[in-house]
Structures are given as C-alpha cells and as structure tokens.
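Reading the structure
The chain contents come next:
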Amino acid sequence: TTHIKPPFVSAAKKSRAYRMMYGLGSTDHRVNFILNNGDLAYPSTVPVLQSQIMDDQMDAAASCFLTDQVRIDKRKRTVFLPKVCDVYGTGDGLDCLSQCLVYLDEDDQLAVASLLDGGVVSVKFKRNCDEFHPSLTQLC
C-alpha cells in the first residue's frame, strides 16, 4: 500500500469533540449563491467581499442569482429552483423555496404566493449545467 503524503488531507474524524472543535457554529445559505464554479447557470461575475458591506453583498448576490435562475410554471403549478438549492436535501423543496422567496423580485414573490394560496405546489430542482463561461470578471 502507498501512504498519502501532503498536500493531500486525511478524512475528517467523526467524533463529536472533533466536530465541536473544527465544525462551523452556524451556516449561511447565501454563500451557495456567491461561490461560482463558472458554469453557465452562474453569473459571469465574481463578487469580491468586503467585511464592511459583506451582508449587503451576500443579499445582492443571492438576489441576482435566484432572480436569474428561478422559473415559475403557473400552469403546472411548479417552481424550478437551481440545483444548488438542493444541497440541504430538505425533502419536498418547500423549505428551500421559502428561504429563497425573500431574494426574488416582487412579481415572482407574488406569483409564488398565488400558487401557495391555491393549494399544492411542486418544487423541482434544475439539473446542473455542463457548459462553462470562457472567463469570469471581478464584480466590485
């Protein structure tokens, strides 16, 4: 057998003490809309976060991404969310939809509210894109 040498990292330990020491105390779902792998589902710009205005930048990035990616089919009573929203695997997707709703523009918020008021709504997750931007630009 061969031994793994740096720069490779060994798998994280599963003990509770280890998680308490190195795990995140809290998470922020908006980070999923800032991280950009360059595929066409994401914007061609990458924000450079500044500590003084980071919260506003994260809101803006989430709003920009979701406004572009969320699709609403009123006839089929279905809301299509980007695949990255499925990262938490929250079952039927309604929890994820409610988290995303605040970042949509007013017309889309009203359209989703109308569907929810009318009864059953299906939430589906789009597939990942296999095409990529040729380049990304820094968003200041």
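See the structure above.
As the structure is a prediction and not an experimental result, all values here were calculated from the model.

Definitions and cut-offs
- Residues numbered from 1 in each chain as written.
- Predicted model: local features only at pLDDT ≥ 70, side-chain atom pairs only at ≥ 80, totals over all residues.
- Heavy atoms only, no water.
- Helix = DSSP H or I, 4+ residues; strand = E, 2+ residues; numbered from the N terminus.
- Buried < 20%, exposed > 50% of the residue type's maximum accessible area, 1.4 Å probe, protein only.
- Contact = heavy atoms within 4.5 Å.
- Salt bridge = Lys/Arg side-chain N within 4 Å of Asp/Glu carboxyl O.
- Disulfide = S-S within 2.5 Å.
- Pairing = 2+ DSSP bridges.
- Axes fitted to C-alpha atoms, helices over the stretch in contact; angles between N-to-C directions.
- Core = buried A, V, L, I, M, F, W, Y, C linked by side-chain atoms within 4.5 Å.

Description of the overall build of the protein
Scanning the protein from terminus to terminus reveals four helices and five strands. Counting helices and strands in the order they occur from the N terminus, the protein gives α-β-α-β-β-α-α-β-β. Here the protein holds 140 residues, and the buried ones make up 24% of them. Residue pairs at least 24 apart in sequence account for 72% of intrachain contacts in the protein once pairs closer than 6 positions are excluded.

Some thoughts on the pattern of salt bridges
On inspection of all chains with the given rule, the structure shows four salt bridges. One salt bridge connects Lys83 with Asp86, and the closest N-O pair in it is separated by 3.1 Å. Several salt bridges share partner residues, and in doing so they unite Asp28, Arg30, Asp55 and Asp59 into one network.

Quick notes on the state of the cysteines
By definition, a disulfide is the covalent link that joins the sulfur atoms of two cysteine residues. All chains considered together, the criterion is met by zero disulfides. A disulfide-free cysteine, Cys85 has its sulfur positioned 3.7 Å from the sulfur of Cys100, the nearest such atom. With relative accessibility at 4%, the residue Cys100 sits in the buried group.

Details of the sheet that holds strand 2 (residues 71-73)
On the basis of which strands lie adjacent, the open sheet formed by three strands has the order 2-3-4 and mixed pairing. A strand with exactly one partner marks an edge of an open sheet, and here the two such strands are strand 2 and strand 4 (122-125). Direction aside, neighbouring strands of the sheet carry axes that sit 20° apart on average. When strand 3 (residues 78-81) meets strand 4, the two strands line up parallel, connected through four bridges.

As for the nonpolar core
Counting residues in each nonpolar core, the largest one holds 19 residues, and the members touching the most others are Phe33, Leu66, Val79, Leu81 and Cys85. Elements represented by at least two residues in this core include exactly helix 2 (54-69), strand 3, helix 3 (94-101) and helix 4 (106-117). What Leu81 contacts, discounting residues up to four positions off in sequence, is Val70, Gly93, Cys96, Leu97, Val123, Lys124, Phe125 and Lys126.

Examining the pairing of strand 3
Where strand 2 meets strand 3, three bridges bridge the pair, whose relative direction is antiparallel. The partner of Asp73 across the bridge, within strand 3, is Thr78.

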